[in-house]
Amino acid sequence: MEGRISRRQLLNAVGAAGGSAAVHAAATALGLLPAAARAGQLDLRPAGGRARHVVVIGAGIAGLAAAYELRRAGHRCTILEASHRPGGRSLTLRRGDVVDELGARQVCDFDDQPHLYFNAGPARIPGSHASLLHYCRELDVPLEVFVNDNRNAWVHDDAAFGGRPIRNREYMTDARGFLAELLAKSVAPDALDARLDADDRERLREFLRAYGDLDASLAYSGSERAGYASGGMTSPGVKKPVRDFSELLDANFWREYMHWGELADQAAPMLQPVGGMDRIVDGFMRRVGDAVELRAAVREIRLGETGVEVAYAGARGEVRAVRADYCLNSMPAHLVVGLRHNLPPRYVRALSAPGRGSLVKLAFQAQRRFWEDEQIYGGISWTNQDITQIWYPPHGIHSGTGVVLGAYAFDDEPGTRLTRMSPAERIEAALAQGEKIHPDYRRHVGRGVSVAWYRMNHVLGCSTRWSDEAMRDHFATLQSPTGRHYMVGDQISHHPGWQEGAIQSAYHALRDIDRREREAGVAG
Amino acid sequence: MQRSFYRVLLTSGLTVVAALAVVAVLGAGTRPAAAQAPEAGPFAPRALYGAACASCHGTDGRGNPRIDTPVLAGLSAAYLERQLDSFRRGYRGRHPEDLEGLEMRPMVEGFAAADLAAVGAWLASLPVPQPAGDAATTGAEGQGGDPARGRTLYAACAVCHGRSGEGNDALGAPRLAGQASWYTLRQLRKFMDGIRGSHPDDTSGASMRASVAGLAPRDAADIVAWIEMLPVN
Ligand SMILES: Cc1cc2nc3c(=O)[nH]c(=O)nc-3n(C[C@H](O)[C@H](O)[C@H](O)COP(=O)(O)OP(=O)(O)OC[C@H]3O[C@@H](n4cnc5c(N)ncnc54)[C@H](O)[C@@H]3O)c2cc1C
C-alpha cells in the first residue's frame, strides 16, 4: 500500500538512529528474529573508564556466568567459593570424587572411564534454555541428545499389575484407548450442539479414533502401539490384552509422571554435555578460574554507602576481607541468614521465606547394561516407591558398563526418608526397590553413591520451595538489590531447579548494575 | 587417644577413604604437613568450626533458624563440651523423633574429645550475639506465650538456670538468655516428651527431664516468652 514503509526500510531507519542493537530489538519485536536468540545473550555496556570491582559469592552457574559477563564487559571480579570445588550444584561424580554431604561423606568408586559419570545435580537441558545453550556454544562444550521420555521403559506401582512393571507404552496406549472410546461413543448431537456442528462431530469421532487407535465401531480392542505380545516380524503380530482401566487408575502413574514428557522443560528432545554436566563449569573456569578463590567461605556481609564489604574465612581459617563496588550473592538464601550482616530486617525476612527442598539422587555402576537387554536405550522407569525413578544412560550405548541412576526422589516425603538414611542404607533401599523393576538388579549393579541435597555442605536444600504466599510477599524484595548487594541464583527466579533460572537471575542483576552505572556515568 | 580425622586432615596425609574425603574438602595443603604439632596454632578450633560447623551454625556460632541450629556463641565451655560429647557418644541424637539431633550426631562422630572441647572453649569465648531482629528473622514460632505468666513459672527454672537465665556450670545448667526462643521452646518440648534426656547415660538430661515433667504445653510457651525478654549482657 502506498505511503506505507516496508519492514526493510523501517529496519534501515532504526539502524541509522540506534545502531545494530536497536535493529536487533526492533526486528525481534516485528517477529523477524526468534525471541530465543535474543534471550540467550546479555550485552553489557563496555566498562570503558568506569571499570568496577564486583565480588561474587558462590562459583555455581549463576556466579560463574555473572563473572564471565562482567569480565567480558571489562569489569573486575573476585569470586569467593566456600567449597573445595567450583560448580555448586552442577556436580558430576567420577572415580575418586568426594561427596561433601554433611554426616555422609562419600567417595565415588566407579571405574575410571569417560562414560562412567553421574550427574548428581543437573542432568538435562531443554532446547528452550537459550542462555545455558548459548554458553555451551561459546565455551566449546559439545552436546548430545539426552533421552528423557522412553515408552519402552517401565511403569511400576506396588498397588497395580500385581506389583510387576509394565511397559510405559502399554500403559499410555491402554489409557488413551479407553478415554478415546468413552468419548467417541458419547459424541451426541445434544451434548455438543452448541460447540460442534454435525461435520465437526464426525471429525471429532475420527480424531478420537486416531488418538486412541479405535476400530471402525469406535471400540478400543488393544493396539500395536502398546507393543506386540508376540510376532510382528515373520509371523503376524499378536496384540497384548487390554488392561482394565480401573487397574490403570490403581497405579499412581497417571497423576503426574504419565504426562512428564508434556512439560515444556521436560519434552523431547533434550540435551546433555558430552562427558558430564560439569563440562560447562570447566568451560567457565577456563575463562574466569583465575578469579575464583576456593575454600573461601563468606562469614560477613556489610553494606556500605558506596560498596559492599565481604569477610571470608580463607583455606587456613584466617579471616580476610574484600571491598567491592557491588556484590552478587548466589549462596542459598537460607545460609545468608546465618552470616554476620547488616542487611535490613525486611530483606532478612525475605531471605527466610523460601523453603528448602530435599532432592536425593543415587547412582550405581552397572557391570552389564542389562536395560539394553530389555530394549531400553535411555529414558526413565517410574515407580511409586521412594526411589521414584530409574534412569538409563543415553551415552555409552553397547559399551558393556554404564552408570544407572538408581533413585531420584523429587517429593519431600520420600526425599526426607532417603535423606535420613546412611549412604549404606540408601544403597540397600535402592537395591530392594530397584529389583522390583529389574529382577536381576542386585547382580548387575554396585558401587552406589548418593547425594541428599538437603544435607550437602554449602547448599543445604534444593530446590528452593517458594510457596504462593512467600512468592507474593517476598520474591520482589529479593529480586531487587539492597544497597549494592544483589541476591542471585536459580532461587531468585521463577525457574528454581534449573540452571537457566540461575543464569537469568544473574542477567537480571547485571542489567540493573549496568543501568545504575550508566546513570551514574551521565550524572558524574 | 583417637585423633580427630578433621584434625588429622588439617595436618597430614591419610589412608582411609573417609579421611581422603575430608582431605579433598578441606584441602590437603591447609597446613604444611607436619609443620606444627596438631595441638598448636591459634586457628585450630576456629578452623575446625569453619570446616565442620559453620555452614549450619552460622558465623561464629550465631545459629541459623532456617537450618534449625541454635546459638552456640557464649554458652559455657563445660556445657558445650558435654553436649558435643553426648552427641558423640550417642546420648543425644538417637531418639527417632529427635530429628535435628539425628542430623547433628553424625557430624561429631569423627571428632576426638579434645577437639570438641577446644571448639567448645572457643565458642564459649565469643560474645552472645544480639538477637538479629524480629520474630520472623529469629525464627520464633509465634507461640504467643504470656511472659507475665511465664515469669512466675520461671521461678522454678531460675534455681538452676539463674534469675537472669545466665546459667550455672556447677549445676550443669546452660545459659538461656540470648538463646533463640524457637530453639529453647523446641528443646523444652523434647524434654517434656522424653525425646531428650531419656538415654540412661544422660544424667544431666535426665534431671532436666524430671524437672519439666509436670509442665503443660502452654506453660512451656509462657516460660519461653519470659526467657525471651531476659536481657543479654
Ligand atoms: C538433583 C538436582 C537435579 C537438577 N536437575 C537439573 C537439570 O536437569 N537441569 C538444570 O538445568 N538444572 C537442574 N538442577 C538445578 C541446577 O543444579 C541449579 O539450578 C543450578 O546449578 C544453580 O546454580 P546457582 O549458581 O544458582 O547455585 P549453586 O550452584 O548452588 O551455587 C551456589 C554456590 O554458593 C556457594 N556457597 C554457599 N555458601 C557460601 C559461602 N558462605 N561463601 C562462599 N560460597 C558459598 C556454594 O558452595 C555454591 O557453589 C538440578 C538440581 C539438583 C540438585
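## With respect to the sheet that holds strand β16 (residues 308-313) of chain A
Residue and element names in this part refer to chain A. Spatial strand order, β17-β16-β15-β19: four strands in an open sheet with mixed pairing. For this open sheet the edge positions go to β17 (319-324) and β19 (340-341), each flanked by a neighbour on one side alone. In this structure, β16 lies alongside β17, joined through six bridges in antiparallel fashion. Counted as the bridge partner of V310 is V322 from β17.

## Some words on the nonpolar core
Where a protein is soluble and globular, its nonpolar side chains tend to be buried together. Counting residues in each nonpolar core, the largest one holds 55 residues, and the members touching the most others are V310(A) and L351(A). The residues touching V310(A), leaving out its near neighbours within four places in the chain, are V55(A), I57(A), L80(A), V298(A), E300(A), R320(A), A321(A), V322(A) and C327(A).

## Topic: the sheet that holds strand β18 (residues 326-329) of chain A
Residue and element names in this part refer to chain A. Across the sheet, five strands lie side by side as β14-β2-β1-β18-β27; this open sheet has parallel pairing. Here the strands that pair on one side only, and so sit at the sheet edges, are β14 (292-293) and β27 (485-487). As judged from the four bridges shared by strand β1 (residues 53-57) and β18, these two strands associate in the parallel manner. Opposite V56, over in β18, you have L328 as the bridge partner.

## Looking at the environment of R196(B)
Residue and element names in this part refer to chain B. Mapped onto the fold, R196 is located in the loop between α10 (181-192) and α11 (203-212). Residues R196 and A51, spaced 145 residues apart in sequence, show a C-alpha to C-alpha distance of 27 Å. With residues up to four places along the chain from it excluded, the contact list for R196 reads Y79, Q83, R92, Y183, Q187, K190, F191 and R209.

## Section: the confidence of the model for chain A
In the predicted model, chain A carries a mean pLDDT of 93, and 92% of its residues have values of at least 70. Segment residues 14-19 of chain A: pLDDT under 50, and five contacts once partners within four positions in sequence are set aside and those in other chains are kept.

## Some remarks on the pairing of strand β15 (residues 297-303) of chain A
For β15(A), a buried count of six out of seven residues is recorded, marking the element as mostly surrounded by other parts of the structure. Taking the residues that link successive antiparallel strands as the turn, the β15(A)-β16(A) hairpin has four residues.

## Quick word on a nonpolar patch on the surface
Residues F178(A), L179(A) and L182(A) make up a contiguous nonpolar surface patch of roughly 270 Å² in combined accessible area. With respect to the element layout, F178(A) can be found in helix α5 (residues 168-185).

## Topic: helix α6 (residues 99-108) of chain B
Residues of α6(B) that are buried include every one of G101(B), M104(B), R105(B), M107(B) and V108(B), and no others. For α6(B), the angular spread of buried residues about the axis comes to 160°, placing them on one side.

## Points about the domain arrangement of chain B
All names here are of chain B. Domain boundaries assigned for chain B yield domain 1 (44-127) and domain 2 (139-233). A separation of 19 Å is found between the C-alpha centroids of domain 1 and domain 2. Across the boundary between the two partners, domain 1 contributes 20 residues, which contact 21 residues of domain 2. Summed over both partners, the interface of domain 1 with domain 2 buries about 1,700 Å², with 52% contributed by carbon and sulfur atoms. At the boundary of domain 1 and domain 2, one finds four salt bridges. Here D98 ties to K190 by a salt bridge, and the two come within 2.6 Å at their closest N and O atoms. Our count for the domain 1 to domain 2 interface comes out at twelve residue pairs in polar contact (both at pLDDT 80 or more). Listing elements by their share of the side of domain 1 that touches domain 2, those giving two or more residues are α5 (77-89) and α6. Looking at which element gives the most residues to the side of domain 1 that touches domain 2, the answer is α5, with four residues. When its residues are assigned to classes, the side of domain 1 that touches domain 2 shows seven nonpolar, seven polar and six charged.

What counts, and where the lines are drawn
- Counting from 1, residues in each chain are numbered in the order their sequence is written.
- The order in which chains are written sets their letters, starting at A; the order in which ligands are written sets their numbers, starting at 1.
- Reporting in this predicted model follows two pLDDT cut-offs: at least 70 for local features of residues, and 80 or more for side-chain atom pairs to be given and counted; totals over whole chains, interfaces and linings ignore these cut-offs and use all residues.
- To obtain the side-chain values, all non-hydrogen atoms of the structure were included, while hydrogens and water were left out.
- One bridge is not enough; two strands pair if DSSP finds at least two bridges between them.
- Secondary structure elements are defined from DSSP: runs of H or I of at least 4 residues count as helices, runs of E of at least 2 residues count as strands, and each element is numbered from the N terminus.
- Each nonpolar core is a collection of buried residues, namely Ala, Val, Leu, Ile, Met, Phe, Trp, Tyr and Cys, held together in the definition by side-chain atoms within 4.5 Å.
- Burial classes: relative accessible area under 20% of the type maximum marks a residue as buried, over 50% as exposed, and values in between as partly exposed (1.4 Å probe, protein chains only).
- Note on contacts: a residue pair qualifies if any of its non-hydrogen atoms lie within 4.5 Å across the two residues.
- Confidence scores here are pLDDT values: one per residue, from the predictor, ranging 0 to 100.
- Any residue with relative accessible area above 30% and no salt bridge may belong to a patch, with like charges joined within 9 Å and the nonpolar Val, Leu, Ile, Met, Phe, Trp and Tyr side chains within 5 Å.
- Working definition of accessibility: Shrake-Rupley area with a 1.4 Å probe, residue cover restricted to the visible protein chains.
- Salt bridge, as used here: a side-chain nitrogen of Lys or Arg that lies within 4 Å of a carboxyl oxygen of Asp or Glu.
- In this description, the arc belongs to the directions extending from the helix axis to the C-beta atoms.
- Each domain span listed reflects an automatic or database assignment of domains.
- Buried area counts how much accessible surface, traced with a 1.4 Å probe, disappears from two parts once they are put together, with both parts' losses summed.
- Here a polar contact is recorded for every N or O atom pair within 3.5 Å, except that within protein the pair must consist of a potential hydrogen donor and a potential acceptor, and residues adjacent in sequence are included only if both atoms are side-chain atoms.
- Side-chain classes are defined by residue name, with Ala, Val, Leu, Ile, Met, Phe, Trp, Tyr, Cys and Pro counting as nonpolar, Asp, Glu, Lys and Arg as charged, and the others, Gly among them, as polar.

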